[in-house]
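Observations on chain architecture
The residues making up each chain are set out below.
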Amino acid sequence: MIDECHKVIVRFNQQQLQLLDILKNSGKFGSTYEEIVRSVFRLYIKQTLDRSQT
Amino acid sequence: MTTAYGNVRFDIILKPVSGKAVPVYKGEVLRITQVDGGQCVDFNCYNLHNYKEHMSVGPSAGFRKVKGDLVMSRHPWARPMLAILEMPESCVTDVIAPGCSSSLFKRRTGIDDHTNCQHTFSQCIAEYGLNAEDIHNSFNLWMNSAWTEDGKYFSSPNRNTGKKGDHVDFLALMDVLAVPVTCGGGDVSRGSNYWFKPVQVQVLETSDELRALTHDYISRYPAKDTDEPAKPIRSKRELEAIPGYQHHFKNYPLRIHEFSIELTVEDYLNLQKLERMGLGDDDEDALRSAVIEWYVTNYNAAALPVPGQK
C-alpha cells in the first residue's frame, strides 16, 4: 500500500552536491535541493519512461 | 571543402621496415601516404618539449579512430595533441595492439631476429636520446584488427585494405615529435598482406586556415592545470615505500549530505518502475541514479562540439 506522499531518504556526496548547486544556480529547477531532486527526477522519468514506451 | 595547407617542409619515403622521428610544429600537418597500398603503419607521438607527455592510445572515442577525432596525450596532461583532418575509410585504425615485437615473432614463427615495430621505434627515437623504454602503445594505421562479441581480439585477421595514394593527415595542436614506422610484421601476417611496402611521410607548413583551425580545436579544450605539479624524473629504478608517506587523495574522505525527498504517488510508482528496469537496487539508489544520470546526460556544459563534427 502506498501512502499519498512517500518520503525517500537520498544521500549525495559533496561532488554530486556541486552538480545540484549548478542546477540550483540556474534557477530553472527549484530553489531547494529537495525541489531540484524532485524536478530533475521527473525530467528523467519523462525522458526514460516515455522513450521506453515508444 | 578541403583545408588549405602550406608548402611541403619535409618529405621522405620510408623504406620497408624503417621509420623516422619527425618534429611537427603546432599548426603544421603530418601526412602519411600509402605508396603502393596495403602497408600497416605504427605510430608514436611525444610532446616535443616534454617527452613524458606522449600520446595516450586508448578507446577514448571508440576502438577505431576516424576522420575528425582527436588524438590526446596521456594523463596527467590529457590534452589534444593531434586532430585527424583526413583519413580514408580504407584506413582501418586500431588502438589495441601494442606494436609487434621480436618475442611475438619468436613465438609465432620460431624466427629469432624478425623485424618488429618495437625495434624500429627504438631506432627512430634514439635519434632524440630516447630508448626502447620510452616507446608507448602504438596507434596503428591501416590495421584491420577485429574482436569477437565476447572480447577475444585478433590483430590482423583481415587483409590490409589500404589503397595506393591513401593518406592520413594529422594537424599538430602542439609541437610534437611524430614517429611513424612501417610495421615490421606484415610479411608473416595479413597486417600488410604478406609483403612490406614503402610509405611516404611529409610535413606541410601551416597556413592561415590551419592556424585558425588549430586555435578552434585548442579553445574547445581549455588548458587544465594537472592535479600535481611536474616532478623531477626519477633516476632510481628500485621501488621502495617512503617511510611516513601521507596520501592526499582528492576530496577524501567524502562528505555525505542526506535529504528527505517527498514524492507523490505517481512519482513513487515511477521510481519503482525504474528499479524494475534495473536502475538501482532500492529507492535511494534509483532516485540518486536518475538525478545524476539526467545531469550528466543533459546538462554537461563542458561537452562542447568538436570542430568539423555535429
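The paragraphs below set out a description of the structure included in this document. Computed from a prediction, not measured in an experiment: that's the story for all the values here. (Residues numbered from 1 in each chain as written. Chains lettered and ligands numbered in written order. Predicted model: local features only at pLDDT ≥ 70, side-chain atom pairs only at ≥ 80, totals over all residues. Heavy atoms only, no water.)

**Digging into unusual backbone geometry**
All names here are of chain B. Going by this rule: Only DSSP runs of H or I covering at least 4 residues are called helices, and only runs of E covering at least 2 are called strands; the numbering of each starts at the N terminus. Any residue under 20% of the maximum accessible area for its type is buried, any over 50% is exposed, and the rest in between are partly exposed; the area is computed with a 1.4 Å probe on protein chains only.
Between His75 and Pro76 the backbone carries a cis peptide bond, its omega angle lying at 10°. The residue Pro76 is located in the loop between strand E6 (70–72) and strand E7 (80–86) in this model. Residue Pro253 is bonded to the preceding Tyr252 through a cis peptide linkage, with omega at -5°. With respect to the element layout, Pro253 can be found in the loop between helix H3 (208–219) and strand E14 (256–264). The backbone of Trp142 sits at a positive phi, close to 55°, despite the residue not being glycine. Following the sequence through the fold, Trp142 ends up in the loop between strand E8 (139–141) and strand E9 (146–147). A residue is classified by how much of its surface remains accessible, and Trp142, at 1% relative accessible area, is buried. Unlike most non-glycine residues, Asn251 shows phi in positive territory, near 50°. Mapped onto the elements of the fold, Asn251 is located in the loop between H3 and E14.

**Observations concerning the environment of Val66 of chain B**
All names here are of chain B. The test is simple: Contacts were defined at the residue level, with two residues in contact if any of their heavy atoms lie within 4.5 Å.
Tracing the backbone through its elements, the reader meets Val66 in the loop between strand E5 (50–54) and E6. Residue classification places Val66 among the partly exposed residues on the basis of a relative accessible area of 42%. Put simply, Val66 and Pro88 are 22 residues apart on the chain and 8.3 Å apart in space, counted from C-alpha to C-alpha. Sequence-distant contacts of Val66, that is, excluding residues within four places in its chain, are made with Ile84 and Met87.

**Considerations on the sheet that holds strand E1 (residues 8–14) of chain B**
All names here are of chain B. Defined as follows: Two strands are counted as paired when DSSP detects at least two bridges linking them. Axis lines are fitted to C-alpha atoms, over the contacting stretch for helices. Their N-to-C directions set the angle, which ranges from 0 to 180 degrees.
The strand order E1-E13-E3-E11-E7-E6 describes an open sheet built from six strands, whose pairing is antiparallel. Of all the strands in the sheet, just E1 and E6 have a single pairing partner and so form its edges. With strand direction ignored, the average angle separating the axes of adjacent strands in the sheet is 20°. Summarising the sheet, strand E3 (residues 29–34) and strand E11 (residues 167–172) pair through five bridges and their orientation is antiparallel. For Thr33, the partnering residue across the bridge sits in E11 and is His167. Against the sheet, H3 contacts E3, E6, E7 and E11, and its axis sits at roughly 70° relative to E11.

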